[in-house]
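Each chain, letter by letter, is given below.
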Amino acid sequence: MFSPYFSSGNSSFKFILDILDGMDDWVRVVDRSNSVIFINRSMERDLGIRDLAGKKCYEIMAAAIPAITA
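Reading guide: rules and limits
Residues numbered from 1 in each chain as written. Predicted model: local features only at pLDDT ≥ 70, side-chain atom pairs only at ≥ 80, totals over all residues. Heavy atoms only, no water. Core = buried A, V, L, I, M, F, W, Y, C linked by side-chain atoms within 4.5 Å. Buried < 20%, exposed > 50% of the residue type's maximum accessible area, 1.4 Å probe, protein only. Helix = DSSP H or I, 4+ residues; strand = E, 2+ residues; numbered from the N terminus. Contact = heavy atoms within 4.5 Å. Patch = residues over 30% accessible without salt bridge, like charges linked within 9 Å, V, L, I, M, F, W, Y side chains within 5 Å. Areas by Shrake-Rupley, 256 points an atom, 1.4 Å probe, with all protein chains shown as cover. Salt bridge = Lys/Arg side-chain N within 4 Å of Asp/Glu carboxyl O.

*Asks:* Sorry, what's going on with the nonpolar core here?
*Replies:* As a rule of thumb, soluble globular proteins bury nonpolar side chains together. One finds Val36, Ile39, Met43, Leu47, Ile49, Leu52, Cys57 and Ile60 forming the largest nonpolar core, which totals eight residues. Of all elements in the fold, only strand S2 (36-39), helix H2 (41-47) and helix H3 (57-69) reach the threshold of two or more residues within this core. Those residues in contact with Ile60 that sit more than four places away from it in its chain are Val36, Met43, Leu47, Ile49, Leu52 and Lys55.

Here it is, written out as structure tokens:
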């Protein structure tokens with residue numbers, strides 16, 4: 001679900017992540033180098049992604065193409 005990039009004990013931060021994670025729509029957050037640093041549970045479930053550490057946005061979205069066209 002999230003990369004090691006997200007490590008905070010801040011309860012407000014956790015609250016926001018919980019909201020994003022609870023959405024049915026796909027949500028992803030990428031850094032400036034196009035590395036995915038967060039995907040919500042819906043996207044993780046639909047794409048079958050378990051480990052996103054170091055993956056680029058285009059690698060994650062390439063996995064979505066068969067799911068969308070099926």
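*Asks:* Quick question: what am I supposed to make of a nonpolar patch on the surface here?
*Replies:* Taken together, the side chains of Phe15, Ile16 and Ile19 present a nonpolar region at the surface, about 320 Å² in accessible area. Structurally, Ile16 can be placed in helix H1 (residues 11-21).

*Asks:* Teacher, can you tell me more about the environment of Ser42 here?
*Replies:* Checked against the element boundaries, Ser42 lands in helix H2. Classification of Ser42 as buried rests on a relative accessible area of 4%. For the pair Ser42 and Gly22, spaced 20 residues apart in sequence, the C-alpha to C-alpha distance is 8.0 Å. Filtering out sequence-adjacent residues up to four positions away, Ser42 remains in contact with Met23, Asp24, Asp25 and Trp26.

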